[in-house]
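# Structure assessment
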Amino acid sequence: MKIILLLFILATSIATSHGLDLDHGIDYNILPLRLKSGSGGHYIKGITCSSWRLGVEAHNIIDWKTIPQECEDYVGNYILGEQYRADSKAVISEAYLYAKSLNLTKDGKNIWVFDIDETSLSNLQYYANHGFGVEPFNATAFNEWVELGEAPALPESKKLYKKLLSLGIKIAFLTGRSESQRDITAKNLKDAGYYKYEKLVVKDTVKYKGKTAVTYKSAEREKLEQEGYRIIGNIGDQWSDILGTNTGNRTFKLPDPLYYIA
Ligand SMILES: *[C@@H]1O[C@H](CO)[C@@H](O)[C@H](O)[C@H]1NC(C)=O
Ligand SMILES: *[C@@H]1O[C@H](CO)[C@@H](O)[C@H](O)[C@H]1NC(C)=O
Ligand SMILES: *[C@@H]1O[C@H](CO)[C@@H](O)[C@H](O)[C@H]1NC(C)=O
Ligand SMILES: [Mg+2]
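It should be emphasised that the depicted structure is a prediction, and the values quoted were computed from it without experimental measurement.

### Quick look at the coordination of the magnesium ion (ligand 4)
The magnesium ion (ligand 4) binds to the protein through D115 (OD), D117 (O) and D237 (OD), with metal-donor distances spanning 2.0 to 2.1 Å. We note that the donor set of the magnesium ion (ligand 4) lies within a single chain, spaced as D-x1-D-x119-D. Here D117, found in the loop between β3 (110-114) and α5 (124-130), pairs with D237, found in the loop between β6 (230-236) and α10 (239-242); they are 120 residues apart in sequence, far enough to count as distant. Note on accessibility: D117 and D237 belong to one class, buried.

### Describing the nonpolar core
Side chains of a nonpolar character, in soluble globular proteins, are inclined to be buried together. W112, F114, F173, I235 and L258 are the most contacted members of the largest nonpolar core, which has 50 residues in total. Looking at this core, the element that brings in the most residues is helix α4 (residues 82-101), giving six residues.

### Thoughts on empty space enclosed by the protein
Here the structure, examined in full by the defined rule, presents one cavity of 30 Å³ or more. Of the volumes computed, that of the largest cavity is approximately 60 Å³. Looking at side-chain class alone, the lining of the largest cavity contains five nonpolar, one polar and four charged residues.

### Overview of the packing of helix α2 (residues 49-57) against helix α3 (residues 72-80)
Put simply, α2 and α3 touch, their axes get as near as 10 Å, and they point 65° apart. In this view, α2 runs roughly perpendicular relative to α3, as classed from their interaxial angle. Crossing geometry of α2 relative to α3 is assigned as right-handed. Contact residues: α2 offers C49, S50, W52 and R53, while α3 offers Y74, V75 and Y78. Partitioning the contact of α2 with α3 into residue classes produces five nonpolar, one polar and one charged.

### Observations concerning the state of the cysteines
Scanning the model with the defined rule gives one disulfide in all. Between the sulfur atoms of C49 and its disulfide mate C71 the distance is 2.1 Å. Taking the sign of the S-S torsion, about -85° here, the bridge from C49 to C71 comes out left-handed. Taken together, the positions of C49 in helix α2 and C71 in the loop between α2 and α3 put the pair 22 residues apart, joining distant regions of the chain. Side by side, C49 and C71 carry an identical accessibility label, which is buried.

### As for the packing of aromatic side chains
All told, the structure shown has 17 aromatic pairs when counted by the stated rule. Ring plane angle 85° and centroid distance 5.6 Å describe the contact between F173 and Y194, whose orientation is recorded as edge-to-face. With F173 in strand β4 (residues 170-178) and Y194 in the loop between α8 (182-191) and β5 (199-203), this residue pair connects regions lying 21 residues apart in the sequence. Owing to a relative accessible area of 0%, F173 belongs among the buried residues under this scheme. The exposure class of Y194 is buried, given its relative accessible area of 0%. Among the aromatic residues, those joined into a ring-pair cluster are F114, Y161, F173, Y194, Y195 and Y197.

### Description of the layout of surface pockets
If you roll a probe as big as a water molecule over the atoms, it shows you where there is empty space left. The computed volume of the largest pocket comes to approximately 970 Å³. Every residue lining the largest pocket is counted, 44 residues in all, and those nearest its centre are Y127, F137, F142, Y259 and I261. Mapped by element, the contributors of at least two residues to the lining of the largest pocket are α5, α6 (139-148), β4, α9 (213-226) and α10. A breakdown of the residues in the lining of the largest pocket according to their chemical character gives 18 nonpolar, 14 polar and twelve charged.

### Observations regarding α3
The set of residues buried in α3 consists of Y74, V75, G76, Y78 and I79. At its buried positions, α3 is contacted by α2, α4 and α5.

### What about the pattern of salt bridges?
Inspection of the entire model under this criterion finds 13 salt bridges. We note a salt bridge from R85 to E156, for which the minimum N-O separation is 2.8 Å. One end of the pair, R85, is in helix α4; the other, E156, is in helix α7 (residues 155-166), with 71 residues separating them in the sequence. Note that D107 and R230 form a salt bridge whose closest N and O atoms lie 2.7 Å from each other. With D107 in the loop between α4 and β3 and R230 in strand β6, the pair connects residues that are 123 residues apart, well separated along the chain.

Calculation notes
Residues numbered from 1 in each chain as written. Chains lettered and ligands numbered in written order. Predicted model: local features only at pLDDT ≥ 70, side-chain atom pairs only at ≥ 80, totals over all residues. Heavy atoms only, no water. Donors = N, O, S within 2.8 Å, 3.2 Å for Na, K, Ca; no water. Helix = DSSP H or I, 4+ residues; strand = E, 2+ residues; numbered from the N terminus. Buried < 20%, exposed > 50% of the residue type's maximum accessible area, 1.4 Å probe, protein only. Core = buried A, V, L, I, M, F, W, Y, C linked by side-chain atoms within 4.5 Å. 1 Å grid on protein atoms, 1.4 Å probe; cavity = no way out; pocket = protein on both sides within 12 Å on 5 of 7 lines; lining within 4 Å. Points joined across faces, edges and corners; volume = space filled by probe spheres on them. Nonpolar A, V, L, I, M, F, W, Y, C, P; charged D, E, K, R; others polar. Axes fitted to C-alpha atoms, helices over the stretch in contact; angles between N-to-C directions. Parallel < 35°, antiparallel > 145°, perpendicular 65-115°, else oblique. Left-handed = near helix turned anticlockwise from the far one by under 90°. Contact = heavy atoms within 4.5 Å. Disulfide = S-S within 2.5 Å. Phe/Tyr/Trp six-rings, centres within 6.5 Å; stacked < 30°, edge-to-face > 60°. Salt bridge = Lys/Arg side-chain N within 4 Å of Asp/Glu carboxyl O.

Written out as structure tokens, the structure reads:
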């Protein structure tokens with residue numbers, strides 16, 4: 001009896017000390033677990049960096065300019081560690097299962113739209129050299145990196161690319177890179193193993209001057225459909241790759257906590 005009473009008192013005191021007390025802002029954890037360091041436990045404006053990243057991926061946090069300074073290490077660890085690859089793999093796996101399930105008309109008109117930067121090719125080397133989120137984006141320096149044509153393929157995306165080809169689905173690259181970067185981009189794609197594709201759509205910077213990526217990409221996808229292609233899938237790392245019109249039958253969003261393009 002004494003033991004039962006003691007256990008009751010103990011249980012009550014644990015429940016009280018760890019109870020959800022959101023009104024007083026004392027306990028944010030649903031379960032009384034302590035965050036391990038490195039698991040997203042840095043706080044910015046009352047949220048952790050992992051919550052910030054989730055907000056970014058879910059498109060709840062939009063129009064952000066740089067990674068919050070407090071989350072620079074967190075994002076660096078995420079992107080250079082195993083989780084970025086694992087998250088990408090989860091996306092690619094769903095995309096492949098979907099593609100494989102389709103019973104497509106074999107008329108050569110089924111296409112899958114791939115974005116390029118941080119979808120097909122990785123600019124991680126550039127960001128690793130320049131720091132994750134410390135300095136504001138420097139277009140001159142970034143274009144110098146693009147001109148090197150040395151961006152490697154994102155391994156999971158390349159797997160999807162190959163599997164789609166084997167299913168008889170054609171590939172259209174649709175990128176915010178400009179017409180002046182077409183040749184180096186084509187060479188970079190080829191060197192990275194993307195040797196076969198139907199289209200490489202680059203941005204006409206005069207026509208789309210001042211327009212958002214959503215507007216540009218929607219218009220170019222519409223053109224593809226007018227040419228008779230059926231966009232059965234569409235994959236990108238930015239929401240602006242998959243929002244707008246003519247988005248395709250299904251869209252897939254790869255992780256990218258490095259930058260935001262409207
Ligand atoms: C696939 O499509 C073809 C032609 O539209 C149809 O004849 C066939 O029954 C379909 N197969 C399956 C498994 O749905
Ligand atoms: C941007 O990059 C260019 C080329 O590397 C460099 O010359 C320039 O100083 C940089 N600008 C800023 C503001 O850091
Ligand atoms: C794609 O969507 C269109 C329009 O809703 C539909 O007619 C078509 O069957 C869909 N194709 C696939 C492969 O799901
Ligand atoms: Mg991209």
